[in-house]
Amino acid sequence: MKTFVYKCLIASFIFLIVFYLSFGVTKRQISREMSNLLSKENVEQIKKNLRKQITIAIEKDQFIKAEDAELINAFIKKIKEDLNNPNK
Amino acid sequence: MTKISNKILNYSHYIFFLLLLITGLFLYKDFGYNIDETFQRKSGLYWLKYVSDFFNFDEFSNLVQQKLNTADDFTNPWSNKYGVIFDVPAAYLEIILKINNPLKIYEFRHLLNFLYFYLGVIFLYKLLINRFNNKFYSLFGCILFILTPRIFGDSFQNNKDIIFITFFIISIFYLFKTVEKNSIKNFIFLSLFSAIATSTRLFGLVLPISIIFISFLAVLSNKKEIKNLKFLLIYFSFYFLFLIIHWPLLWENAFTNLHEYLNNLKIYGPPIVFFNGDFFVPDLVPYYYLVLWIFISTPVLNLILFTGGLYLTIIKFFNKLDFIKSDRNNYDFWKNENEKKDFFIILIFIILIFLGTFFNIKHYNSWRFFYFLNFFIIYFAIIFLNFYLKDLKINKKIKLILTSFGTLLLILNIYKIFLYHPYQSLYFNSLVTKKMKNNFEVDYTGLSAIHFLKDLSMDLKGTNDQIKVSVKSWYPIWRVHSLLNKKDREKIKIVFNNSEADILYSNRIYDVNILKNDKYEYENKFYKHKQFIIDDIIIYEIFKRKIE
């Protein structure tokens with residue numbers, strides 16, 4: 001009986017360690033990533049980067065390539081058409 | 001000659017403790033002020049007022065109230081859920097001895113802090129004598145303990161963790177006493193000190209939990225142990241009784257307040273912690289946080305001896321698993337009292353390391369909540385020393401080389417204590433590279449602030465200039481500003497708005513991730529003027545306003 005209890009205790013302890021070192025580590029990493037992603041600093045950094053990129057875009061002579069501009073223009077036109085004639 | 005050396009050894013502990021006391025009395029004024037000290041002082045005065053009111057000591061209560069009005073602490077959310085074993089006597093003595101000067105108050109608290117620590121070292125000596133029955137080992141254990149720089153530095157200003165170590169060691173001493181003799185007296189003392197340890201730090205709970213577990217194993221091994229369960233009942237009855245008697249928090253709504261105390265650890269702490277070059281939320285630090293901190297901030301000699309002792313102990317008890325028999329006449333994990341003591345220690349140590357590593361405990365301020373693990377480090381170190389000197393059979397020359405190497409490491413340790421003075425609390429060992437040292441939080445309790453202000457006042461000596469000081473880190477410098485004398489306080493003005501400041505102090509502790517957040521950039525209006533470095537560690541930095 002008592003050897004069974006000892007074996008159970010040791011097995012549970014080893015199980016707990018393995019559990020924490022496998023599932024626990026992954027869980028903690030995910031929680032950390034989530035926490036970093038949703039942190040105030042990260043949101044601020046995204047905003048800052050966005051502002052920077054917009055400024056760069058404004059300062060460029062040509063931000064969108066001619067062929068892309070044509071494509072986007074055609075796409076916007078199409079959207080406008082569809083919006084104006086929903087029952088077409 | 002042998003007679004003389006025996007005589008010296010007989011009196012060596014008296015000499016050691018006298019020297020330690022003298023050292024403490026000489027040095028206690030040197031250390032900086034811990035960020036928590038105002039908080040703890042207020043806690044002491046608050047509970048002293050409560051006790052005075054409870055016993056209707058009206059006149060004394062008025063005196064305490066006057067003091068309490070001066071102990072404002074507005075930076076942190078206030079909580080009364082802290083142990084009282086240091087704070088209330090400190091508050092009582094502050095009033096009785098009529099200490100009113102703020103600087104003197106904190107110097108006195110540092111002295112008292114050291115005296116508690118001193119008591120802890122005495123009990124460590126008694127505990128090691130109890131286990132090893134050898135004066136040299138016990139003395140060597142105490143020397144290793146006090147020469148652990150972070151413990152030595154904190155023994156003057158950390159009035160929570162050091163107090164906990166003291167009561168933890170005393171509890172373990174009485175635990176050993178109960179192993180030797182199951183007497184009611186020993187169990188009452190054990191329950192008293194483990195109750196005090198529990199109120200000082202939540203980790204004190206590990207003592208009653210381990211006692212239950214060991215009793216369970218003892219009964220499982222040997223059926224005769226069942227008759228000793230009455231002592232367990234005595235222990236727990238007195239444990240709860242002493243917990244309530246010595247801790248006014250439990251005098252009313254004991255269960256609610258105890259529950260809140262258990263949750264207290266979750267409330268406090270910084271929003272972010274700098275660890276290994278990155279910022280983490282305190283309850284999401286990597287699992288190796290505690291182990292890495294122990295590895296980088298414990299002296300190399302202690303680490304080597306501890307690792308050897310831990311290995312020997314684990315192997316010894318692991319081997320016992322092979323010899324477990326189904327009959328229940330002998331104990332399975334120990335043959336004698338010393339083995340039972342070692343089993344207690346290894347079990348408590350494993351539980352603590354497991355809790356500290358895997359449980360969602362908030363980790364910050366290095367590993368100061370776990371500084372009491374230094375007791376285990378010393379205990380296992382002495383187990384290894386015992387093995388090394390008595391049982392290890394190796395070539396005499398090799399032994400001489402190893403002993404000389406150990407002595408060198410001890411000398412290096414003493415040198416580091418001098419080198420870091422009075423910043424021993426910020427110590428990193430010689431295994432850590434310069435770059436790595438600055439990838440961790442260093443002066444998290446702002447010990448350097450008072451030295452920065454004193455240096456600044458020296459610079460201003462002989463002038464009538466007034467200088468406006470603010471901070472460039474997460475630190476309430478105004479707490480230590482009140483410790484300056486009136487003249488210096490007038491010359492150094494603390495401003496809360498950095499746009500008014502001439503000079504900024506930084507202890508390099510932040511509440512935001514400075515790798516992503518520019519909160520402390522202050523629009524680049526300041527430049528780094530000076531930094532204070534010890535052993536390649538940047539302790540604090542000074543910034544000056546750029547001339548526009």
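Thresholds, definitions, all that
Residues numbered from 1 in each chain as written. Chains lettered and ligands numbered in written order. Predicted model: local features only at pLDDT ≥ 70, side-chain atom pairs only at ≥ 80, totals over all residues. Helix = DSSP H or I, 4+ residues; strand = E, 2+ residues; numbered from the N terminus. Buried ≥ 20, exposed ≤ 12 C-beta atoms within 10 Å, placed from the backbone. Pairing = 2+ DSSP bridges. Axes fitted to C-alpha atoms, helices over the stretch in contact; angles between N-to-C directions. Contact = placed C-beta atoms within 7 Å. Parallel < 35°, antiparallel > 145°, perpendicular 65-115°, else oblique. Nonpolar A, V, L, I, M, F, W, Y, C, P; charged D, E, K, R; others polar. Left-handed = near helix turned anticlockwise from the far one by under 90°. Domains from an automatic or database assignment.

1. A word on unusual backbone geometry
Residue and element names in this part refer to chain B. In this structure, the amide linkage connecting His421 to the following residue, Pro422, adopts the cis form with an omega of 0 degrees. The topology assignment puts Pro422 in the loop between helix 17 (396-420) and helix 18 (434-437). Even without a glycine there, the phi angle at Asn276 is positive, about 55 degrees. Turning to its location among the elements, Asn276 is positioned in the loop between strand 1 (273-275) and strand 2 (278-280). Of the residues examined, Asn276 has 15 C-beta atoms within 10 Å and is grouped as partly exposed.

2. Observations concerning the sheet that holds strand 4 (residues 492-494) of chain B
Residue and element names in this part refer to chain B. Sheet architecture is open: five strands sit in the order 4-3-5-7-6, paired in mixed fashion. In the strand order of this sheet, the two ends are held by strand 4 and strand 6 (526-534), each with one partner. Sheet twist, expressed as the mean angle between neighbouring strand axes with direction ignored, is 30 degrees. Helix-sheet contacts for helix 19 (residues 449-459) involve strand 3 (467-471), strand 4, strand 5 (503-506) and strand 7 (537-545), and the interaxial angle to strand 4 is about 140 degrees.

3. Comments concerning the packing of helix 14 (residues 300-320) of chain B against helix 16 (residues 373-391) of chain B
Residue and element names in this part refer to chain B. Where helix 14 meets helix 16, the closest approach of the two axes is 7 Å, and the angle between their N-to-C directions is 75 degrees. Considered as vectors, helix 14 and helix 16 are oriented roughly perpendicular to each other. Contacts between helix 14 and helix 16 pair Asn302, Leu305, Phe306, Gly308, Gly309, Leu310, Leu312 and Thr313 from the former with Ile377, Phe380, Ala381, Ile383, Phe384, Leu385 and Phe387 from the latter. For the contact of helix 14 with helix 16, the per-class residue count stands at 11 nonpolar, four polar and no charged.

4. Let's talk about the packing of helix 5 (residues 102-132) of chain B against helix 8 (residues 161-180) of chain B
Residues and elements named next belong to chain B. Between helix 5 and helix 8, the shortest axis-to-axis distance is 8 Å and the interhelical angle comes to 25 degrees. One way to sum up the angle between helix 5 and helix 8 is to call them roughly parallel. Of the two possible hands of crossing, helix 5 and helix 8 adopt the one that is left-handed. Where helix 5 approaches helix 8, its residues Asn113, Tyr116, Phe117, Leu119, Gly120, Phe123, Leu124, Lys126, Leu127, Asn130 and Arg131 are matched on the opposing element by Ile162, Ile163, Ile165, Thr166, Ile169, Ile170, Ile172, Phe173 and Phe176. Taken together, the residues that form the contact of helix 5 with helix 8 break down as 14 nonpolar, four polar and two charged.

5. Topic: the interface of chain A and chain B
The accessible area lost on association of the parts is a frequent measure of interface size. Facing 15 residues of chain A, the contacting portion of chain B comprises 12 residues. Elements with a contribution of two residues or more to the side of chain A that touches chain B: helix 1 (2-37) and helix 2 (40-59) of chain A. Along the lines of polarity and charge, the residues of the side of chain A that touches chain B split into four nonpolar, six polar and five charged.

6. Here's the deal with the domain arrangement of chain A
Looking at the assigned domains, one finds that chain A contains domain 1 (1-38) and domain 2 (40-88). Computed from C-alpha coordinates alone, the two centres of domain 1 of chain A and domain 2 of chain A are separated by 48 Å.

7. Examining the domain arrangement of chain B
Residue and element names in this part refer to chain B. For chain B, the assigned domains read domain 1 (118-385) and domain 2 (449-545). On a C-alpha basis, the centres of domain 1 and domain 2 stand 40 Å from each other. With four residues of domain 1 in contact, the opposing surface of domain 2 contributes six residues.

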